[in-house]
Amino acid sequence: MPEPQKPETVPGEGQQPSELSGIFVERPESVTVTKGKDVTFVAKVDSTNLTRKPAMKWLKGKWLDLASKAGKHVQFKEVYDRNTKIYTYEMSIIKVVDGDAGGYRCEVTSKDKCDSCTFEVSVQGRSGLSPQDNILEAFKRSGDAGEDAGDLDFSALLKKREKKQKVVEEVDVDVWEILKEAKPCDYEKIAFEYGITDLRGLLKRLKKMKKVEPKKSDAFLSKLEGAYSVDKGKKIHLSVELTNPDAPIKWLKNGQEIKPSAKELPTIPSNMPLPVGNQWQPGNQRRFKKRYVFESVGNKRTLTINKCNLSDDAAYECVVGEEKCFTELFVKEPPITITKLLDDVHTVVGEKVEFEVEVSEEGASVKWMKDGVELNRETAGSKYRFKKDGKRHILIINEATKEDIGMYHAFTNGGESKAELEVEDKELEVLQSIADLTVKAAEQAVFKCEVSDEKVTGKWFKDGVEVQPSDRIKITHIGRTHKLMIDEVKPSDAGDYTFVPDGYALSLSAKLNFLEIKIDYVPRQDPPKIHLDTSGTGNKNTITVVAGNKLRLDVEITGEPAPTVCWMKGDEVVSEAEGRVHVETRKTLSSFVIEGAEKSDEGPYCITVTNPAGEDKVEIIVRIVDVPNPPENVKCTSFGEDSGTITWDPPAFDGGVPIKGYLMERKKVASPRWTKLNFDVYESTTYEAKKMIEGVLYEMRVFAVNGIGISQPSESSKPFMPIAPTSEPTRLMVDDVTDTTCALKWRPPEKIGAGGIDGYFIEYCIEGSDQWVQANEEPVEKNQYRVKGLPVGEKMLFRVMAVNIAGRSPPVTLSQAVTIREIMENPKIRLPRHLRTKLITLVGEKVNLVIPFQGKPRPVVTWYRDGVLLEDKTVGTRTSEVDTILFIRSAERTHSGIYTLAVQIENVSDSADVHIQVVEKPGPPIAVHVTDVWGFNATLEWKPPKDDGNCEIIGYTIQKADMKTKDWFTVFEHNRRPSCTVSDLVMGNEYFFRVFSENICGLSVEPGISKNTAIVTKSGLSYKPPPFKEKDASHSPKFTARLVDRSVVAGYSAAISCSVRGFPKPKIVWMKNNMIIGEDPKFLMQNNQGVLTLNIRKPSTFDGGRYSCKAINDLGEDEVECRLEVRVVQEKGVEAKK
């Protein structure tokens, strides 16, 4: 295939240069180099925007990867500059030869990015010397590049012949003329004579010299361009012109024929004949609805590819008959640009952060990085979330911390954006600062502040020295409030106090002033007095508090000197220290405080004030009220088709306030949602819930309501199902009556419902009475029942009720009374149809006969055999109320006979006969002998076998055998008579015979063999065969099946085969490119009766070429050849990236 040349413009939409852009910093340039010189090509790649190390490929032509040719002739080098982040790739060709000329391409790929560029290498000869002038110079291959890179040079392996080669070069001999006139068998001799080491290259060049000018293509007027380029998403037209407008045509992509997929079915006009395969018929135009459009206009054939993507980047072929033309399509992916850049973010710890970037196309891939480290779903964990919304890509940080500070980047294949994230600690907010205090001696000083964070701790300082807690100094931290309390203030406590929160550059300061008052004290004494006002509480000195609320009772106290206050509950003194129940005392005011009242706080309290002038005492009753406890013991007591009755017990504790009523809720067991049944309180403890679905499980719960509020819900009731009893059973009738029993049967109710049927209850009573007696204790599941223990001669009524989880159904009653007495029924045997004839069975088989009978009362059953009572222990019988069974575990011939079954009720009886015949294969015929022989015939006679197997002999099978081979052949089958005549015997042979007897069981095991033999004598005729002339089978080798050109995949074992015919057996020689294949372990040659196979183990691209097979014997020789192409198949992922 010719090397594709990049055209300046390519037909189709979006014509652009064929080279991709965006990654290369420096590209290789096309050069013209002198043969024998060295040349180096340099390519530089900028990896600043690449997520991983780029991969570089150097290719020659279309698919030849030069990495496989690396060696002395082709060398590669790679350098990386860490400062500029630029990769430098070099390819050097050492001692350029003519074969190095042509088109080259270098490709660089990095994850989802790729780029390529092409360049040309032209080779010019050294002045005054050309390959035609000096054949020795032209065929000395250089380096290790192989045939694809040019002519090989074996001079390194032939150092001892350098002098001889130099001498040959000086001789002015026209080797070409010698070769043209020489026979092919002399080429090797001439090459050796003139020191030519590359015989393969010599033959290749000689073949080119003998070729005439290639004629113009017979199939194409114009072929495909060398290469096409198109942008991703655009469409491209590939066109050719044909010589014959009626010629069928095929389009191939990477060697595979382009066929319509299920989504691309062809639209063919109704008046157009159905085309065959993927070929075009004359004047036929086929259009595919989506990707590929095939057009045929006159001589022009066009393949249009719509919406090209990276998978369309491939090699395309147009095939007309045996001719092909090739091209290569390059699909360029437009770079994804960033239309909206990232913004810097400044936030505080714990806040949510979002970085948003907008790109030019939907569905584009955006890579996020933080300080050079890639962020993805695998490594980010739950810290980061990635969100796509059309063209918008968002990076979300759920709770920012100081570790998230840094530079964030968003990369696409066409741009990048970055933004900085700054995270600061939250500022602590002061809700209440401390204030200056002025206190007197022995008073209490309290510094109090409140900050925004409950978790913040801190320290108190006095004049820069940390305050340590003691019995007089207390430091507390409750929620957001911090307190410093100093009891019995002294002059030394005065100073500057500061509160410093831990971890924050913040301090709160206040000053404590000590006020010292000097007065002349005149003692005065007034008796203490308690001024308590409880008028707003209803009852005198009774205070009612709702549980959970705060109670603060301020009591004014007077007296001189200041009285001492004591609060007591029973015998316990209420502490003045901080706690849930405590007392706060001031000069003329005492406050009783309960934080979050509980039921245990209820009871009588006593306040006592005393001073030297007297004492006063008041009792106070504290009453705690609360919402009631939940109701108890909620259950469903009864239910109907769509309703249920629920009952419950009142709550054990009403909360101290009378219960006003209840609220009910219900839900389906399978549902989590509760439904309210009433919005106004319901006072009773029994409630009928309605509008439920039959057959669905429900649960109920109840809330109690008092003047304080609604209680917690009660425990859910046990699941219950609204179910109604079934309708009454139907078609009740009497099935059988005896002297003490009556058998009934009925049909199920017409209406059953979701509850189903658990069974039936049967009741009976004497006619005229209403005293019904239940006949069964447990429900009967079947639709029949026999009532036992009934009085003889009485007329009885019966009724049946169905029962399920909802209870019993209405009864169905017999319309008439039944008289309990025995009903006489004559005995009768119902002999099965197959037993009305003789029953034949084989020896050893099992016999099991079930014969039903009827009769009331139960008849007496008796078995007879041949008129005698059956007493054989090997024959068993078993009898029930309705049938009897005769069984034989292993039948013997002695069991044959007539078996009689007799059933009898009183003087009435019935009987039936069953004829059983037990048979087996017969014995052999006896007295088999030959009675007469004439001509080619023999007469046999025999007597029937002694043992006929207990049945009639139905025929005989006769076989013959000659004394030489003793092989038996069947002569007659199913012969009815005890004699036969055997014909068509062979003259001169002696025969003996055997006979098998046959009955309904088959042929006898042993045959009867004739006692004498039949000799067919010769009649005097003599045969003189003509003299034997040995045929001369010698002939020259001739291939009956020739080698076929093949294309195989590299790395997979291949084989080529042919077949040859010749005598004497020809010698087989396999050759590759006219070089004999020796004992190379890579090749395995096989010859199986003239079928020749050459197996190639895991071929590589070097194994491609022309293979031939030659067969040689003394009479001549024959040769066949084929071409083997080895393809390198790239992975789908790599191909898609291209």
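The structure presented is a predicted model; accordingly, all values stated were derived computationally and were not measured.

Q: What am I meant to see in the overall build of the chain here?
A: Along the backbone of the chain there are seven helices and 89 strands. Buried positions account for 38% of the 1138 residues belonging to the chain. Considering only contacts in the chain between residues 6 or more positions apart, those separated by 24 or more positions represent 62%. By element, 49% of the accessible surface of the chain is carried by carbon and sulfur atoms, the whole surface being about 65800 Å².

Q: Just checking my understanding: could you explain the environment of Y292 for this structure?
A: The topology assignment puts Y292 in strand β17 (residues 292-297). For the pair Y292 and N306, spaced 14 residues apart in sequence, the C-alpha to C-alpha distance is 6.4 Å.

Q: Looking at this model, I keep getting lost on the nonpolar core. Mind explaining?
A: The nonpolar side chains of soluble globular proteins are, as a tendency, buried together. Of all hydrophobic cores here, the largest spans 26 residues; its most connected members are V240, W251 and L303. Among the secondary structure elements, those contributing two or more residues to this core are β11 (227-231), β12 (236-242), β17, β18 (300-305), β19 (315-320) and β20 (323-332). Looking at this core element by element, the count peaks at four residues for β12. What V240 contacts, discounting residues up to four positions off in sequence, is F220, S222, K223, L224, I249, W251, N299, K300, R301, C318 and C325. Within the second largest apolar cluster, 23 residues are counted, among which are F41, A43, L50 and I93.

Q: What am I meant to see in the pairing of strand β87 (residues 1091-1096) here?
A: Regular strands have side chains that alternate between both faces of the sheet. By the bridge criterion, six bridges tie strand β83 (residues 1054-1063) to β87 in an arrangement that is antiparallel. Among the inter-strand pairings, I1056 is bridged to a residue of β87, identified as L1094. Sheet analysis places strand β86 (residues 1083-1088) next to β87, joined by six bridges and oriented antiparallel. Pairing of L1084 across the sheet is with N1095, part of β87.

Q: Please clarify how the packing of aromatic side chains should be interpreted in this entry.
A: Centre-to-centre distance and the angle between the planes together describe a pair of aromatic rings. Across all of its chains, the model carries 18 aromatic pairs by this definition. Here W746 and Y760 contribute two aromatic rings whose centre-to-centre distance is 5.4 Å and whose plane-to-plane angle is 70°, an arrangement assigned as edge-to-face. In this pair, W746 sits in strand β55 (residues 742-747) while Y760 sits in strand β56 (residues 759-766), placing the two residues 14 residues apart along the sequence. Taking relative accessible area as the criterion, Y760 reaches 2% and is therefore assigned buried. Within the aromatic cluster, the residues linked to one another by ring pairs are F41, W58, Y104 and F119. The cationic tip of R701 hangs over the ring face of W674; the distance from NZ or CZ to the ring centre is 4.1 Å. Between R799 and the ring centre of W772, over which it is positioned, the NZ or CZ distance is 4.3 Å.

Q: Help me understand the sheet that holds strand β45 (residues 589-594) in this model?
A: Within a sheet, each strand pairs with its neighbour through backbone hydrogen bonds, oriented either parallel or antiparallel. The four strands are arranged β39-β41-β45-β44 in an open sheet whose pairing can be described as antiparallel. Each edge of the open sheet carries a strand with a single partner, namely β39 (526-531) and β44 (581-585). With strand direction ignored, the average angle separating the axes of adjacent strands in the sheet is 20°.

Q: When you look at the sheet that holds strand β48 (residues 632-639) in this model, what are you seeing that I'm missing?
A: Strand order in the open sheet formed by three strands is β48-β49-β52, and the pairing between neighbours is antiparallel. Only two strands of the sheet have a single neighbouring strand rather than two, namely β48 and β52 (686-689). With direction set aside, neighbouring strand axes in the sheet form an average angle of 25°. Bridging between β48 and strand β49 (residues 644-649) involves five bridges; their strand directions are antiparallel. Paired with F639 across the bridge in β49 is G644.

Q: I keep staring at the environment of E107 and nothing clicks. Help me out?
A: Along the polypeptide, E107 turns up in strand β8 (residues 102-110). Residue classification places E107 among the buried residues on the basis of a relative accessible area of 11%. Each C-alpha atom, one on E107 and one on F24, is 9.8 Å from the other, the two residues being 83 residues apart in sequence. Side chain to side chain, E107 and R105 meet in a polar contact 2.9 Å long.

Q: Explanation requested: the state of the cysteines in the structure shown.
A: By definition, a disulfide links the sulfur atoms of two cysteine residues through a covalent bond. Following the criterion strictly, the structure yields zero disulfides and no others. With no disulfide of its own, C606 lies 7.8 Å from the sulfur of C566, the closest cysteine sulfur.

Q: Teacher, can you tell me more about the pairing of β45 here?
A: When you tally the buried positions in β45, you get five out of six residues, the bulk of the element. In the sheet, strand β41 (residues 551-560) pairs with β45 via six bridges, with the strands oriented antiparallel. When the sheet's bridge partners are listed, L553 is paired in β45 with F592. Relative to β45, β44 runs antiparallel, the two sharing five bridges. In the sheet register, T585 faces β45, and the bridge partner there is S590. Linkage of β44 to β45, two consecutive antiparallel strands, is achieved through a turn of three residues.

Q: Can you help me understand the pattern of salt bridges in this one?
A: Counted by the stated rule, this structure contains 36 salt bridges. The residue E598 makes a salt bridge to R580 at a minimum N-O spacing of 3.7 Å. Pair noted here: E598 is in the loop between β45 and β46 (603-611) and R580 is in the loop between β43 (572-573) and β44, with a separation of 18 residues, a long-range link. With a shortest N-O distance of 3.1 Å, E602 and K599 are connected by a salt bridge. Residue classification places K599 among the partly exposed residues on the basis of a relative accessible area of 42%.

Q: Looking at this model, I keep getting lost on the environment of F1063. Mind explaining?
A: Mapped onto the secondary structure, F1063 falls in strand β83. Note on F1063: relative accessible area 46%, which makes it partly exposed. Separated by 25 residues in sequence, F1063 and K1038 place their C-alpha atoms 9.9 Å apart. Setting aside residues up to four positions removed in sequence, F1063 forms contacts with A1033, S1034, H1035, N1113 and L1115.

Q: Just checking my understanding: could you explain the side chain of K1072 for this structure?
A: Locating K1072 in the fold gives a position in strand β84 (residues 1067-1072). The side chain of K1072 is buried and forms no salt bridge, while D1103, the nearest opposite charge, is found at 4.1 Å. At 2.9 Å, the side chain of K1072 forms a polar contact with the backbone oxygen of F1102. Beyond its immediate sequence surroundings of up to four residues, K1072 is in contact with I1077, F1102, D1103, G1104, R1106 and Y1107.

Q: Even after reading the chapter, I still don't get the confidence of the model for the chain, so can you show me in this structure?
A: Within the chain, residue pLDDT values average 82, and 86% of them lie at 70 or more. Under a pLDDT of 50 for its full length, residues 1-21 has, in the predicted model, 49 contacts with residues more than four places off or in other chains. In the model, residues 128-171 has pLDDT below 50 throughout and makes 84 contacts with residues more than four positions away in sequence or in other chains.

How each quantity is defined
Residues numbered from 1 in each chain as written. Predicted model: local features only at pLDDT ≥ 70, side-chain atom pairs only at ≥ 80, totals over all residues. Heavy atoms only, no water. Helix = DSSP H or I, 4+ residues; strand = E, 2+ residues; numbered from the N terminus. Buried < 20%, exposed > 50% of the residue type's maximum accessible area, 1.4 Å probe, protein only. Contact = heavy atoms within 4.5 Å. Areas by Shrake-Rupley, 256 points an atom, 1.4 Å probe, with all protein chains shown as cover. Core = buried A, V, L, I, M, F, W, Y, C linked by side-chain atoms within 4.5 Å. Pairing = 2+ DSSP bridges. Phe/Tyr/Trp six-rings, centres within 6.5 Å; stacked < 30°, edge-to-face > 60°. Lys NZ or Arg CZ within 6 Å of the ring centre and 35° of its normal. Axes fitted to C-alpha atoms, helices over the stretch in contact; angles between N-to-C directions. Polar contact = N/O pair within 3.5 Å; in protein donor to acceptor, adjacent residues only side chain to side chain. Disulfide = S-S within 2.5 Å. Salt bridge = Lys/Arg side-chain N within 4 Å of Asp/Glu carboxyl O. Lys, Arg positive; Asp, Glu negative; His and termini not counted. pLDDT = per-residue confidence, 0-100.

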